[in-house]
Amino acid sequence: MTIQNPKPKIEATIAILGAGAWGTALANLAAANGNQVGLWSRESSESLADVIAGADIILSAVSMKGVRPVVELIKPLPLSSDTIIVTATKGLEPSTTCTPAQIWQAAFPSHPVVVLAGPNLSKEIEQGLPAATVVASTDAEAAKVVQARLNSTRFRVYTNSDPLGVELGGTLKNVIAISAGTCDGLQLGTNAKAALVTRGLAEIIRIGTHWGAKTDTFYGLSGLGDLLATCNSPLSRNYQVGYQLAQGKQLPEVLAALQGTAEGVNTTQVLIQLANQQGISVPISYQVYRLLQGEVTPQAAVDALMLRDVKPEIGSWPSQALPWKGNGS
C-alpha cells in the first residue's frame, strides 16, 4: 500500500507489522511525521526481515491471533539492541491469557516494549480528523521516543507509566462495546446506554485493578476515552457485533460481514474464564458472553442485568450514616 504524503525529512525507521485499517492508518501518520516507514503483512512482496532491518521501532498492529506467530517469525532475526517494540493490538491470548505486550516482552526481554492505545477509530484517523492516544511503558525514555515519532497537530500522543492499565483499558472496553451496540440495537434509549457504559467502566476498573493496573489509568484516554469512542460509534466492529445481534442476526453471519476482527468476541471468552477462576464479579461481561454463546436473547440479557439485586453504587454505606443506626434512639 502507498504511504500518503511523506515529509522529505527522515527522523527514524519504523517497521509497521499489519497492513489492515489500523496498521495502514499508523503507517500514514508516521510517514506524514517525517519517518521512514516500512509496512509489512503476510501478503507483502517484501520479506519481514527486509522490512525490520535497521528499524528503530517495530510497531505491531496485527490481530490478536497473529501476535504470537509474528513474534516467532521475528525471534530468529537480528535486531538492534536499541530497537523499541510497540504493540497496538487489543486482546487476550486464549491459550495463555497473556496480553500482547506480555507476549512481546517475554520473547524480547532486553527490549523496551511500549503499548499504544486510545480512542483511535482508524477510519477517522485516515480522514485526517484530530485524535489523541497514549503510549505506555515501564521504560519512560522509550515511551518518549515513540511519542516524539508519532505526535503531530492531528494526532496528540501522551505518555503513561502503566502499560498494563493502558493495554487492559483498550482490551476490556471491546466487551462493553458489544453490550452498548446491543443496547442501541434494541433502541433502549439514552438513559439505559449511559447507565450501561458507566457500570461497564466500573467493571473494567474492578478487573484491571485486580490484575495489577492503576485505577487512575482507566479514567484516561485508553480507558474512559476509548470506551466512549467504541461504545458510541458504528465504525466500531465490536459495537456492530452487538447491534447486529440485537437486530436478530446470528453471530457467524455478523462476523463474516465485518471488515476486520472484532477482538471483543474472543476477549469475552478469555475474560469470563479468568473471572470465574479468580472470583471477579463481571455481570455485564457475563451477559455478553451468554449472548455470544447463544444462551440468551439480547432482551433476556438486558432483563438479567435489570433484575440483579440492588446495592450501593460505590462501596458500602458507613453504618453510622444510616438513619436507622445510632445511639439507640
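Residues numbered from 1 in each chain as written. Predicted model: local features only at pLDDT ≥ 70, side-chain atom pairs only at ≥ 80, totals over all residues. Heavy atoms only, no water.

J.: Is there a simple way to explain the layout of surface pockets in this structure?
T.: As a volume, the largest pocket reaches approximately 1,100 Å³. Contributing to the lining of the largest pocket are 41 residues, with S122, R237, Q259, G260 and T261 lying nearest its centre. Contributions of two or more residues to the lining of the largest pocket are made by α1 (21-32), α5 (122-126), α7 (163-185), α9 (221-232), α10 (237-246) and α11 (251-257). Broken down by element, the lining of the largest pocket gets its largest block of residues, 4 residues, from α10. Within the lining of the largest pocket, the residues separate by chemical class into 14 nonpolar, 17 polar and 10 charged. Considering only enclosed or pocket space, the second largest pocket measures out at about 720 Å³ in volume. L196, R199, I284, L305 and M306 are, among the 27 residues lining the second largest pocket, the residues nearest its centre. Of all the elements, helix α8 (residues 190-210) adds the most residues to the lining of the second largest pocket, at 6 residues. (1 Å grid on protein atoms, 1.4 Å probe; cavity = no way out; pocket = protein on both sides within 12 Å on 5 of 7 lines; lining within 4 Å. Points joined across faces, edges and corners; volume = space filled by probe spheres on them. Helix = DSSP H or I, 4+ residues; strand = E, 2+ residues; numbered from the N terminus. Nonpolar A, V, L, I, M, F, W, Y, C, P; charged D, E, K, R; others polar.)

J.: Quick question: what am I supposed to make of helix α4 (residues 100-107) here?
T.: In an α-helix, one turn spans 3.6 residues, which is why side chains three or four residues apart end up on the same side. Among all positions of α4, only P100, A101, I103 and W104 are buried. All buried residues of α4 project into a common sector of 160° when viewed along the axis, lining one side. (Buried < 20%, exposed > 50% of the residue type's maximum accessible area, 1.4 Å probe, protein only. Arc of directions from axis to C-beta.)

J.: I would appreciate a short explanation of the side chain of D226 in the present structure.
T.: Within the secondary structure, D226 is located in helix α9. Among all residues touching D226, those that are not within four sequence positions of it are K90, G118, P119, G170, K173 and L221. (Contact = heavy atoms within 4.5 Å.)

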